[in-house]
Amino acid sequence: MARRNGILAALKAGATAAAVVTVVTMVSGSASAQSSGGPLNFLDNLFTGTLTKGNPSPGQPAQAPSPGGPQPWSGEDGASGHPLMTAAAIREAAGNFDACVAGMWPDAARRNITQDNFQRFTAGLSPDLRIMDLLDAQPEFTKSIWDYLDILVNDNRLAKGREVLAKYKAQFDATERAYGVDRYIIAAIWGIESNYSTQIGDRSVLQSTATLACIGRRQAYFKDEFLSALEILNRGDLRPEQMRGSWAGAFGPTQFMPTAFKRFAVDADGDGRRDVVDNPADLIASTANNLKKDGWQSGQSWGYEVAVPQGFNYMLADRAKSMSLSQWEQLGLKRANGQPFPATTEKAYLLAPAGAQGPGFLMLQNFRVIMKYNPAEAYALAIGHFADRLRGAPPFVQAWPREERTLSRAERLELQQLLADRGFYRGTPDGQFGGQTREALRNFQASIGAPADGFATSDVLERLRGR
(Lines give C-alpha, C1' and ligand atoms only; values in the text may rest on other atoms or scores of the structure.)
Protein backbone atom coordinates (compact mmCIF):
# COMPACT_ATOMS: atom_id res chain seq x y z
CA MET A 1 0.00 0.00 0.00
CA ALA A 2 1.60 3.10 0.96
CA ARG A 3 4.53 1.55 2.54
CA ARG A 4 6.96 0.61 -0.11
CA ASN A 5 7.82 3.97 -1.34
CA GLY A 6 9.30 4.76 2.00
CA ILE A 7 11.60 1.91 2.05
CA LEU A 8 12.74 2.41 -1.40
CA ALA A 9 13.30 6.01 -0.53
CA ALA A 10 15.16 4.95 2.55
CA LEU A 11 17.35 2.70 0.46
CA LYS A 12 17.80 5.36 -2.19
CA ALA A 13 16.77 2.93 -4.85
CA GLY A 14 14.76 3.79 -7.90
CA ALA A 15 12.45 1.52 -9.83
CA THR A 16 14.18 -0.47 -12.53
CA ALA A 17 13.06 -1.77 -15.86
CA ALA A 18 16.24 -3.67 -16.54
CA ALA A 19 16.03 -7.41 -16.37
CA VAL A 20 18.70 -7.44 -13.73
CA VAL A 21 16.84 -6.06 -10.75
CA THR A 22 18.45 -5.53 -7.40
CA VAL A 23 16.85 -6.55 -4.15
CA VAL A 24 16.51 -2.90 -3.27
CA THR A 25 14.36 -2.08 -6.24
CA MET A 26 12.23 -5.09 -5.56
CA VAL A 27 11.55 -4.45 -1.99
CA SER A 28 9.85 -1.91 -1.32
CA GLY A 29 8.19 -0.23 -0.32
CA SER A 30 8.01 -1.03 3.05
CA ALA A 31 8.31 2.42 3.97
CA SER A 32 6.22 3.72 1.35
CA ALA A 33 3.70 2.31 -0.76
CA GLN A 34 1.20 1.72 1.75
CA SER A 35 3.76 2.07 2.67
CA SER A 36 4.26 1.18 -0.22
CA GLY A 37 5.79 -1.20 1.83
CA GLY A 38 6.67 -4.10 -0.21
CA PRO A 39 7.47 -7.61 0.20
CA LEU A 40 10.36 -6.42 2.21
CA ASN A 41 10.62 -9.02 4.91
CA PHE A 42 10.10 -11.78 2.35
CA LEU A 43 12.63 -10.44 -0.13
CA ASP A 44 15.18 -9.66 2.58
CA ASN A 45 16.02 -13.35 2.66
CA LEU A 46 15.12 -14.12 -0.93
CA PHE A 47 17.76 -12.20 -2.81
CA THR A 48 20.79 -11.07 -0.89
CA GLY A 49 21.56 -13.67 1.70
CA THR A 50 24.07 -12.52 4.28
CA LEU A 51 25.62 -9.08 4.30
CA THR A 52 29.32 -8.82 3.61
CA LYS A 53 30.20 -7.06 6.84
CA GLY A 54 33.33 -7.67 8.84
CA ASN A 55 34.15 -7.42 12.51
CA PRO A 56 33.91 -4.25 14.56
CA SER A 57 36.98 -2.20 15.26
CA PRO A 58 39.14 -3.38 18.16
CA GLY A 59 37.87 -2.07 21.46
CA GLN A 60 34.53 -1.01 19.97
CA PRO A 61 32.22 -4.02 20.05
CA ALA A 62 29.06 -4.24 18.02
CA GLN A 63 25.76 -5.18 19.63
CA ALA A 64 26.06 -8.41 21.52
CA PRO A 65 24.02 -11.20 19.92
CA SER A 66 21.29 -12.80 21.95
CA PRO A 67 21.05 -16.60 21.88
CA GLY A 68 18.73 -17.54 19.04
CA GLY A 69 17.99 -13.89 18.42
CA PRO A 70 18.63 -11.59 15.46
CA GLN A 71 22.10 -10.95 14.12
CA PRO A 72 24.04 -8.12 15.79
CA TRP A 73 25.10 -4.90 14.14
CA SER A 74 28.37 -5.27 12.24
CA GLY A 75 29.88 -2.24 13.93
CA GLU A 76 31.10 -0.90 10.59
CA ASP A 77 30.46 2.22 8.54
CA GLY A 78 27.44 2.07 6.26
CA ALA A 79 27.99 1.48 2.55
CA SER A 80 26.23 4.72 1.59
CA GLY A 81 29.06 6.87 2.92
CA HIS A 82 26.54 9.19 4.58
CA PRO A 83 28.06 11.01 7.59
CA LEU A 84 25.23 9.76 9.83
CA MET A 85 26.01 6.18 8.80
CA THR A 86 29.59 6.08 10.07
CA ALA A 87 30.17 3.65 12.93
CA ALA A 88 31.09 6.54 15.22
CA ALA A 89 27.93 8.49 14.37
CA ILE A 90 25.77 5.41 14.88
CA ARG A 91 27.30 4.73 18.30
CA GLU A 92 26.91 8.35 19.35
CA ALA A 93 23.26 8.44 18.27
CA ALA A 94 22.60 5.10 19.96
CA GLY A 95 24.02 6.51 23.19
CA ASN A 96 21.51 9.38 22.92
CA PHE A 97 18.58 7.12 22.00
CA ASP A 98 16.58 7.51 25.23
CA ALA A 99 16.86 11.30 25.09
CA CYS A 100 15.87 11.28 21.42
CA VAL A 101 12.72 9.27 22.09
CA ALA A 102 11.80 11.39 25.11
CA GLY A 103 12.37 14.50 23.01
CA MET A 104 9.55 13.48 20.68
CA TRP A 105 6.93 13.88 23.41
CA PRO A 106 5.92 17.46 22.40
CA ASP A 107 5.31 16.26 18.84
CA ALA A 108 3.33 13.30 20.16
CA ALA A 109 1.23 15.62 22.33
CA ARG A 110 0.41 17.73 19.28
CA ARG A 111 -0.97 14.54 17.72
CA ASN A 112 -3.26 14.07 20.74
CA ILE A 113 -1.32 11.13 22.13
CA THR A 114 -1.81 11.02 25.88
CA GLN A 115 1.21 11.28 28.13
CA ASP A 116 0.29 8.01 29.83
CA ASN A 117 0.19 6.20 26.49
CA PHE A 118 3.40 7.83 25.30
CA GLN A 119 5.22 6.67 28.40
CA ARG A 120 3.61 3.23 28.29
CA PHE A 121 4.42 2.52 24.65
CA THR A 122 7.95 3.93 24.73
CA ALA A 123 8.99 2.37 28.04
CA GLY A 124 11.85 -0.06 27.59
CA LEU A 125 12.52 0.80 23.96
CA SER A 126 16.10 0.21 22.88
CA PRO A 127 17.77 0.72 19.49
CA ASP A 128 18.04 -2.21 17.08
CA LEU A 129 21.35 -1.32 15.48
CA ARG A 130 21.27 -4.29 13.11
CA ILE A 131 18.87 -2.13 11.11
CA MET A 132 21.78 0.14 10.20
CA ASP A 133 23.35 -2.71 8.22
CA LEU A 134 20.03 -3.43 6.51
CA LEU A 135 19.46 0.24 5.69
CA ASP A 136 22.76 0.41 3.84
CA ALA A 137 22.85 -3.13 2.44
CA GLN A 138 24.62 -3.44 -0.91
CA PRO A 139 23.59 -6.70 -2.60
CA GLU A 140 26.50 -8.45 -4.29
CA PHE A 141 24.30 -10.54 -6.54
CA THR A 142 20.85 -9.97 -7.94
CA LYS A 143 17.97 -11.98 -9.31
CA SER A 144 16.88 -11.76 -12.91
CA ILE A 145 13.30 -10.74 -13.45
CA TRP A 146 12.36 -14.22 -14.66
CA ASP A 147 13.78 -15.79 -11.51
CA TYR A 148 11.93 -13.20 -9.47
CA LEU A 149 8.64 -14.06 -11.17
CA ASP A 150 9.28 -17.80 -10.85
CA ILE A 151 9.73 -17.41 -7.10
CA LEU A 152 6.73 -15.17 -6.47
CA VAL A 153 4.22 -16.61 -8.92
CA ASN A 154 4.27 -20.33 -8.24
CA ASP A 155 1.75 -23.16 -7.99
CA ASN A 156 1.72 -23.29 -4.19
CA ARG A 157 1.04 -19.59 -3.81
CA LEU A 158 -1.61 -19.71 -6.52
CA ALA A 159 -3.37 -22.60 -4.76
CA LYS A 160 -3.31 -20.71 -1.47
CA GLY A 161 -4.58 -17.59 -3.20
CA ARG A 162 -7.58 -19.43 -4.59
CA GLU A 163 -8.33 -20.77 -1.11
CA VAL A 164 -8.20 -17.23 0.31
CA LEU A 165 -10.48 -15.90 -2.44
CA ALA A 166 -13.02 -18.62 -1.68
CA LYS A 167 -12.77 -18.35 2.12
CA TYR A 168 -13.28 -14.59 2.15
CA LYS A 169 -15.61 -14.32 -0.83
CA ALA A 170 -18.12 -12.22 1.11
CA GLN A 171 -15.45 -9.71 2.11
CA PHE A 172 -14.07 -9.52 -1.43
CA ASP A 173 -17.62 -9.08 -2.80
CA ALA A 174 -18.30 -6.19 -0.41
CA THR A 175 -14.96 -4.57 -1.17
CA GLU A 176 -15.44 -4.72 -4.94
CA ARG A 177 -18.87 -3.10 -4.57
CA ALA A 178 -17.53 -0.35 -2.31
CA TYR A 179 -14.24 0.46 -4.04
CA GLY A 180 -14.36 -1.02 -7.54
CA VAL A 181 -10.94 -2.62 -7.07
CA ASP A 182 -10.32 -6.03 -8.61
CA ARG A 183 -10.29 -8.77 -5.95
CA TYR A 184 -7.53 -10.63 -7.75
CA ILE A 185 -5.16 -7.68 -7.45
CA ILE A 186 -5.83 -7.46 -3.70
CA ALA A 187 -5.32 -11.21 -3.33
CA ALA A 188 -2.09 -10.97 -5.32
CA ILE A 189 -0.74 -8.21 -3.07
CA TRP A 190 -1.66 -10.24 0.00
CA GLY A 191 0.09 -13.30 -1.43
CA ILE A 192 3.28 -11.58 -2.57
CA GLU A 193 3.63 -9.24 0.42
CA SER A 194 3.35 -11.89 3.12
CA ASN A 195 2.68 -15.25 1.43
CA TYR A 196 -0.85 -15.01 2.80
CA SER A 197 0.06 -13.89 6.32
CA THR A 198 2.78 -16.50 6.85
CA GLN A 199 5.75 -14.12 6.38
CA ILE A 200 4.74 -10.83 7.95
CA GLY A 201 7.97 -10.09 9.80
CA ASP A 202 8.77 -10.29 13.49
CA ARG A 203 10.38 -6.97 14.36
CA SER A 204 8.60 -4.51 16.63
CA VAL A 205 7.32 -1.61 14.53
CA LEU A 206 7.84 0.77 17.44
CA GLN A 207 11.43 -0.35 17.98
CA SER A 208 12.28 -0.28 14.29
CA THR A 209 10.80 3.14 13.58
CA ALA A 210 12.20 4.60 16.81
CA THR A 211 15.65 3.31 15.87
CA LEU A 212 15.44 4.85 12.41
CA ALA A 213 13.94 8.08 13.79
CA CYS A 214 16.95 8.59 16.07
CA ILE A 215 19.84 6.93 14.23
CA GLY A 216 21.07 6.97 10.64
CA ARG A 217 20.38 8.90 7.47
CA ARG A 218 16.56 8.79 7.31
CA GLN A 219 15.62 10.26 10.67
CA ALA A 220 13.10 12.87 9.52
CA TYR A 221 11.19 10.35 7.43
CA PHE A 222 11.03 7.73 10.16
CA LYS A 223 10.18 10.20 12.92
CA ASP A 224 6.83 10.62 11.18
CA GLU A 225 6.47 6.84 10.94
CA PHE A 226 7.27 6.39 14.65
CA LEU A 227 4.81 9.08 15.76
CA SER A 228 2.18 7.62 13.45
CA ALA A 229 2.71 4.19 15.02
CA LEU A 230 2.10 5.77 18.43
CA GLU A 231 -1.09 7.37 17.10
CA ILE A 232 -2.37 3.97 15.96
CA LEU A 233 -1.75 2.49 19.40
CA ASN A 234 -3.15 5.53 21.19
CA ARG A 235 -6.37 5.28 19.19
CA GLY A 236 -6.70 1.58 20.00
CA ASP A 237 -6.86 0.28 16.44
CA LEU A 238 -4.08 -2.22 17.11
CA ARG A 239 -2.15 -3.61 20.06
CA PRO A 240 1.66 -3.41 20.24
CA GLU A 241 2.01 -7.15 19.72
CA GLN A 242 0.08 -6.85 16.45
CA MET A 243 2.47 -4.23 15.14
CA ARG A 244 5.32 -6.49 14.15
CA GLY A 245 6.81 -6.49 10.70
CA SER A 246 9.79 -5.56 8.57
CA TRP A 247 12.89 -3.74 9.76
CA ALA A 248 11.56 -0.54 8.19
CA GLY A 249 8.23 -0.67 9.99
CA ALA A 250 5.83 -2.20 7.46
CA PHE A 251 3.35 -4.50 9.17
CA GLY A 252 0.36 -6.72 8.49
CA PRO A 253 -0.40 -9.16 5.66
CA THR A 254 -0.31 -6.42 3.01
CA GLN A 255 2.47 -4.47 4.74
CA PHE A 256 1.22 -1.04 5.75
CA MET A 257 3.64 1.59 6.94
CA PRO A 258 2.18 3.53 9.90
CA THR A 259 1.65 6.69 7.82
CA ALA A 260 -0.08 4.67 5.10
CA PHE A 261 -2.29 3.05 7.70
CA LYS A 262 -3.41 6.50 8.80
CA ARG A 263 -4.30 7.47 5.23
CA PHE A 264 -5.92 4.30 3.99
CA ALA A 265 -7.03 1.96 6.80
CA VAL A 266 -10.79 1.57 7.14
CA ASP A 267 -13.14 -0.11 9.61
CA ALA A 268 -15.01 -2.32 7.15
CA ASP A 269 -17.04 -4.32 9.65
CA GLY A 270 -17.99 -1.45 11.95
CA ASP A 271 -16.43 -2.81 15.14
CA GLY A 272 -14.78 0.52 15.92
CA ARG A 273 -11.23 -0.62 15.11
CA ARG A 274 -9.19 -0.57 11.91
CA ASP A 275 -7.45 -3.90 12.19
CA VAL A 276 -5.38 -4.63 9.06
CA VAL A 277 -3.53 -7.44 10.82
CA ASP A 278 -6.10 -9.95 12.07
CA ASN A 279 -9.40 -8.77 10.57
CA PRO A 280 -9.80 -9.92 6.93
CA ALA A 281 -12.63 -7.47 6.22
CA ASP A 282 -10.54 -4.48 7.32
CA LEU A 283 -7.42 -5.84 5.62
CA ILE A 284 -9.10 -6.36 2.23
CA ALA A 285 -11.03 -3.08 2.30
CA SER A 286 -8.03 -1.04 3.46
CA THR A 287 -5.83 -2.42 0.70
CA ALA A 288 -8.54 -1.62 -1.84
CA ASN A 289 -8.98 1.88 -0.41
CA ASN A 290 -5.25 2.46 -0.85
CA LEU A 291 -5.38 1.46 -4.52
CA LYS A 292 -8.59 3.40 -5.17
CA LYS A 293 -7.22 6.61 -3.68
CA ASP A 294 -4.07 6.14 -5.75
CA GLY A 295 -6.16 6.21 -8.94
CA TRP A 296 -7.33 2.65 -9.63
CA GLN A 297 -9.49 2.44 -12.75
CA SER A 298 -12.40 0.04 -12.22
CA GLY A 299 -12.84 -2.59 -14.92
CA GLN A 300 -9.45 -1.88 -16.51
CA SER A 301 -6.54 -4.29 -16.78
CA TRP A 302 -3.04 -3.49 -15.53
CA GLY A 303 -1.52 -4.15 -18.95
CA TYR A 304 -0.92 -6.61 -21.80
CA GLU A 305 1.92 -8.87 -22.87
CA VAL A 306 2.89 -7.88 -26.40
CA ALA A 307 5.12 -9.15 -29.17
CA VAL A 308 7.56 -6.44 -30.25
CA PRO A 309 8.61 -6.54 -33.92
CA GLN A 310 12.22 -6.94 -35.00
CA GLY A 311 13.99 -3.67 -35.66
CA PHE A 312 11.77 -1.81 -33.19
CA ASN A 313 13.12 1.45 -31.78
CA TYR A 314 13.51 0.62 -28.11
CA MET A 315 14.13 4.24 -27.29
CA LEU A 316 10.32 4.33 -27.18
CA ALA A 317 10.30 1.83 -24.29
CA ASP A 318 10.13 4.51 -21.65
CA ARG A 319 7.63 5.20 -18.88
CA ALA A 320 7.47 8.84 -19.96
CA LYS A 321 6.48 7.92 -23.54
CA SER A 322 2.82 7.00 -23.30
CA MET A 323 0.68 6.44 -26.41
CA SER A 324 -2.71 4.99 -27.20
CA LEU A 325 -2.92 1.26 -27.83
CA SER A 326 -3.92 2.00 -31.43
CA GLN A 327 -0.71 4.01 -31.88
CA TRP A 328 1.34 1.11 -30.53
CA GLU A 329 -0.46 -1.17 -32.97
CA GLN A 330 0.56 1.09 -35.82
CA LEU A 331 4.17 0.59 -34.72
CA GLY A 332 3.73 -3.16 -35.07
CA LEU A 333 3.02 -4.24 -31.49
CA LYS A 334 0.42 -6.99 -31.08
CA ARG A 335 -0.92 -8.86 -28.08
CA ALA A 336 1.18 -11.98 -27.57
CA ASN A 337 -1.91 -14.21 -27.31
CA GLY A 338 -3.24 -12.99 -30.67
CA GLN A 339 -6.33 -11.36 -29.17
CA PRO A 340 -7.28 -7.74 -29.95
CA PHE A 341 -6.90 -4.94 -27.44
CA PRO A 342 -10.30 -4.38 -25.72
CA ALA A 343 -10.09 -0.58 -25.90
CA THR A 344 -7.55 0.89 -28.31
CA THR A 345 -7.95 4.45 -27.00
CA GLU A 346 -6.38 3.57 -23.63
CA LYS A 347 -2.95 5.07 -23.02
CA ALA A 348 0.00 2.81 -22.22
CA TYR A 349 3.77 2.77 -22.08
CA LEU A 350 6.06 0.00 -23.23
CA LEU A 351 8.07 -1.97 -20.70
CA ALA A 352 10.77 -4.30 -22.03
CA PRO A 353 12.31 -5.76 -18.87
CA ALA A 354 14.56 -8.17 -20.79
CA GLY A 355 15.20 -5.88 -23.73
CA ALA A 356 14.84 -7.13 -27.28
CA GLN A 357 15.46 -10.69 -26.12
CA GLY A 358 12.32 -11.04 -24.03
CA PRO A 359 8.61 -10.22 -23.94
CA GLY A 360 7.27 -6.70 -24.01
CA PHE A 361 4.39 -5.29 -21.98
CA LEU A 362 2.09 -2.33 -22.58
CA MET A 363 1.29 -0.85 -19.18
CA LEU A 364 -1.94 0.97 -18.41
CA GLN A 365 -2.95 3.35 -15.62
CA ASN A 366 -3.54 0.55 -13.13
CA PHE A 367 0.05 -0.61 -13.50
CA ARG A 368 1.17 2.85 -12.42
CA VAL A 369 -1.19 2.56 -9.45
CA ILE A 370 0.40 -0.73 -8.40
CA MET A 371 3.77 1.02 -8.63
CA LYS A 372 2.53 3.59 -6.13
CA TYR A 373 2.09 0.68 -3.77
CA ASN A 374 5.66 -0.37 -4.53
CA PRO A 375 7.66 1.71 -7.01
CA ALA A 376 9.46 -1.20 -8.67
CA GLU A 377 8.36 -2.34 -12.10
CA ALA A 378 9.40 -5.92 -11.35
CA TYR A 379 7.12 -5.94 -8.31
CA ALA A 380 4.19 -4.43 -10.18
CA LEU A 381 4.63 -6.92 -13.02
CA ALA A 382 4.59 -9.80 -10.53
CA ILE A 383 1.39 -8.46 -8.94
CA GLY A 384 -0.37 -8.04 -12.29
CA HIS A 385 0.69 -11.46 -13.56
CA PHE A 386 -0.18 -13.19 -10.29
CA ALA A 387 -3.64 -11.57 -10.35
CA ASP A 388 -4.21 -12.79 -13.91
CA ARG A 389 -3.14 -16.31 -12.98
CA LEU A 390 -5.56 -16.28 -10.02
CA ARG A 391 -8.24 -15.21 -12.49
CA GLY A 392 -7.45 -18.28 -14.60
CA ALA A 393 -5.15 -16.84 -17.26
CA PRO A 394 -2.18 -18.90 -18.52
CA PRO A 395 1.52 -18.03 -17.97
CA PHE A 396 3.21 -15.49 -20.21
CA VAL A 397 3.33 -16.60 -23.82
CA GLN A 398 6.85 -15.52 -24.76
CA ALA A 399 10.07 -16.92 -23.36
CA TRP A 400 12.58 -15.08 -21.19
CA PRO A 401 16.28 -15.08 -22.15
CA ARG A 402 17.16 -17.50 -19.37
CA GLU A 403 20.59 -18.12 -20.82
CA GLU A 404 21.61 -14.60 -19.79
CA ARG A 405 23.40 -14.42 -16.46
CA THR A 406 22.97 -11.55 -14.07
CA LEU A 407 25.89 -9.20 -13.51
CA SER A 408 27.59 -9.09 -10.13
CA ARG A 409 27.72 -5.80 -8.26
CA ALA A 410 31.36 -5.37 -9.27
CA GLU A 411 30.38 -5.80 -12.91
CA ARG A 412 27.48 -3.37 -12.56
CA LEU A 413 29.82 -0.79 -11.07
CA GLU A 414 32.30 -1.41 -13.86
CA LEU A 415 29.59 -1.02 -16.51
CA GLN A 416 28.53 2.33 -15.06
CA GLN A 417 32.14 3.50 -14.85
CA LEU A 418 32.82 2.51 -18.46
CA LEU A 419 29.69 4.34 -19.58
CA ALA A 420 30.90 7.38 -17.65
CA ASP A 421 34.36 7.12 -19.21
CA ARG A 422 32.75 7.22 -22.66
CA GLY A 423 30.60 10.22 -21.76
CA PHE A 424 27.26 8.41 -21.64
CA TYR A 425 26.71 8.32 -17.85
CA ARG A 426 26.91 11.37 -15.62
CA GLY A 427 25.90 9.86 -12.30
CA THR A 428 28.01 8.33 -9.56
CA PRO A 429 28.50 4.58 -10.11
CA ASP A 430 26.64 2.74 -7.36
CA GLY A 431 25.82 -0.64 -8.87
CA GLN A 432 22.11 0.16 -9.05
CA PHE A 433 20.52 0.34 -12.46
CA GLY A 434 17.91 3.06 -12.50
CA GLY A 435 16.61 5.29 -15.27
CA GLN A 436 19.85 7.26 -15.67
CA THR A 437 21.90 4.10 -16.19
CA ARG A 438 19.38 2.65 -18.64
CA GLU A 439 19.34 5.86 -20.64
CA ALA A 440 23.14 5.90 -20.80
CA LEU A 441 23.20 2.25 -21.82
CA ARG A 442 20.62 2.85 -24.55
CA ASN A 443 22.66 5.69 -25.99
CA PHE A 444 25.77 3.52 -26.01
CA GLN A 445 23.90 0.66 -27.70
CA ALA A 446 22.57 3.05 -30.34
CA SER A 447 26.09 4.34 -30.97
CA ILE A 448 27.30 0.84 -31.89
CA GLY A 449 24.23 -0.13 -33.91
CA ALA A 450 22.80 -2.55 -31.33
CA PRO A 451 19.14 -2.60 -30.21
CA ALA A 452 18.92 0.32 -27.77
CA ASP A 453 16.93 -1.64 -25.20
CA GLY A 454 18.88 -0.69 -22.06
CA PHE A 455 19.27 -4.36 -21.12
CA ALA A 456 22.56 -4.89 -19.28
CA THR A 457 24.15 -8.16 -20.38
CA SER A 458 27.65 -9.61 -20.15
CA ASP A 459 27.93 -9.06 -23.91
CA VAL A 460 27.22 -5.34 -23.52
CA LEU A 461 29.84 -5.18 -20.79
CA GLU A 462 32.37 -6.83 -23.08
CA ARG A 463 31.56 -4.31 -25.82
CA LEU A 464 32.16 -1.50 -23.36
CA ARG A 465 35.47 -3.07 -22.43
CA GLY A 466 36.34 -2.92 -26.11
CA ARG A 467 36.70 -6.66 -26.54
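Heads up: the structure comes first, above all this text.
Values in this document were obtained by computation on a predicted structure and should not be read as measured data. (Residues numbered from 1 in each chain as written. Predicted model: local features only at pLDDT ≥ 70, side-chain atom pairs only at ≥ 80, totals over all residues. Heavy atoms only, no water.)

Draft legend 1. Focus on the sheet that holds strand S11 (residues 360-363). Pairing is antiparallel in the open sheet, where five strands are placed in the order S8-S10-S11-S7-S9. Here the strands that pair on one side only, and so sit at the sheet edges, are strand S8 (323-324) and strand S9 (334-335). In this sheet, strand S10 (residues 347-351) lies alongside S8 in antiparallel orientation, the contact comprising two bridges. By the bridge assignment, Ser324 is partnered in S10 with Lys347. (Pairing = 2+ DSSP bridges. Helix = DSSP H or I, 4+ residues; strand = E, 2+ residues; numbered from the N terminus.)

Draft legend 2. Up close: unusual backbone geometry. Residues other than glycine seldom take positive phi values, yet Asn195 does so here, at roughly 50 degrees. Topologically, Asn195 is positioned in the loop between helix H12 (183-194) and strand S5 (203-204). You can call Asn195 partly exposed: its relative accessible area is 23%. Of note, Ser197 is a non-glycine position whose phi angle comes to about 70 degrees, a positive value. (Buried < 20%, exposed > 50% of the residue type's maximum accessible area, 1.4 Å probe, protein only.)

Draft legend 3. A look at the nonpolar core. Phe172, Phe367, Tyr379, Leu381 and Trp400 are the most contacted members of the largest nonpolar core, which totals 52 residues. In terms of residues, this core owes the most to one element, helix H19 (residues 377-391), which gives nine residues. Once residues within four sequence positions are removed from consideration, Trp400 is found in contact with Ile145, Trp146, Leu149, Pro353, Ala354, Pro359, Phe361 and Leu381. In terms of nonpolar packing, the next biggest core, distinct from the first, is built from 47 residues, Ala93, Leu135, Cys214 and Met243 among them. (Core = buried A, V, L, I, M, F, W, Y, C linked by side-chain atoms within 4.5 Å. Contact = heavy atoms within 4.5 Å.)

Draft legend 4. Representation of helix H14 (residues 219-235) in the model. With 17 residues, H14 extends 24 Å from end C-alpha to end C-alpha; this agrees with the ideal 24 Å at 1.5 Å per step. Turning to H14, its buried residues are Phe222, Glu225, Phe226, Leu227, Ser228, Ala229, Leu230, Glu231, Ile232 and Leu233. Looking one or two residues past H14, Gly236 carries a phi angle of roughly 90 degrees, positive in sign. (Expected span 1.5 Å × (residues − 1).)

Draft legend 5. Looking closely at the pattern of salt bridges. On inspection of all chains with the given rule, the structure shows 25 salt bridges. Asp173 is the partner of Lys169 in a salt bridge, and the nearest nitrogen-oxygen pair spans 2.8 Å. Placement of both Lys169 and Asp173 in helix H11 (residues 169-179) is noted, with a separation of four residues, approximately one turn of the helix. On the basis of relative accessibility, which here comes to 46%, the residue Lys169 falls in the partly exposed class. Two residues, Arg391 and Asp182, come together in a salt bridge whose shortest N-O distance is 2.1 Å. Here Arg391, found in helix H19, pairs with Asp182, found in the loop between H11 and H12; they are 209 residues apart in sequence, far enough to count as distant. Since its relative accessible area comes to 40%, Arg391 is described here as partly exposed. (Salt bridge = Lys/Arg side-chain N within 4 Å of Asp/Glu carboxyl O.)

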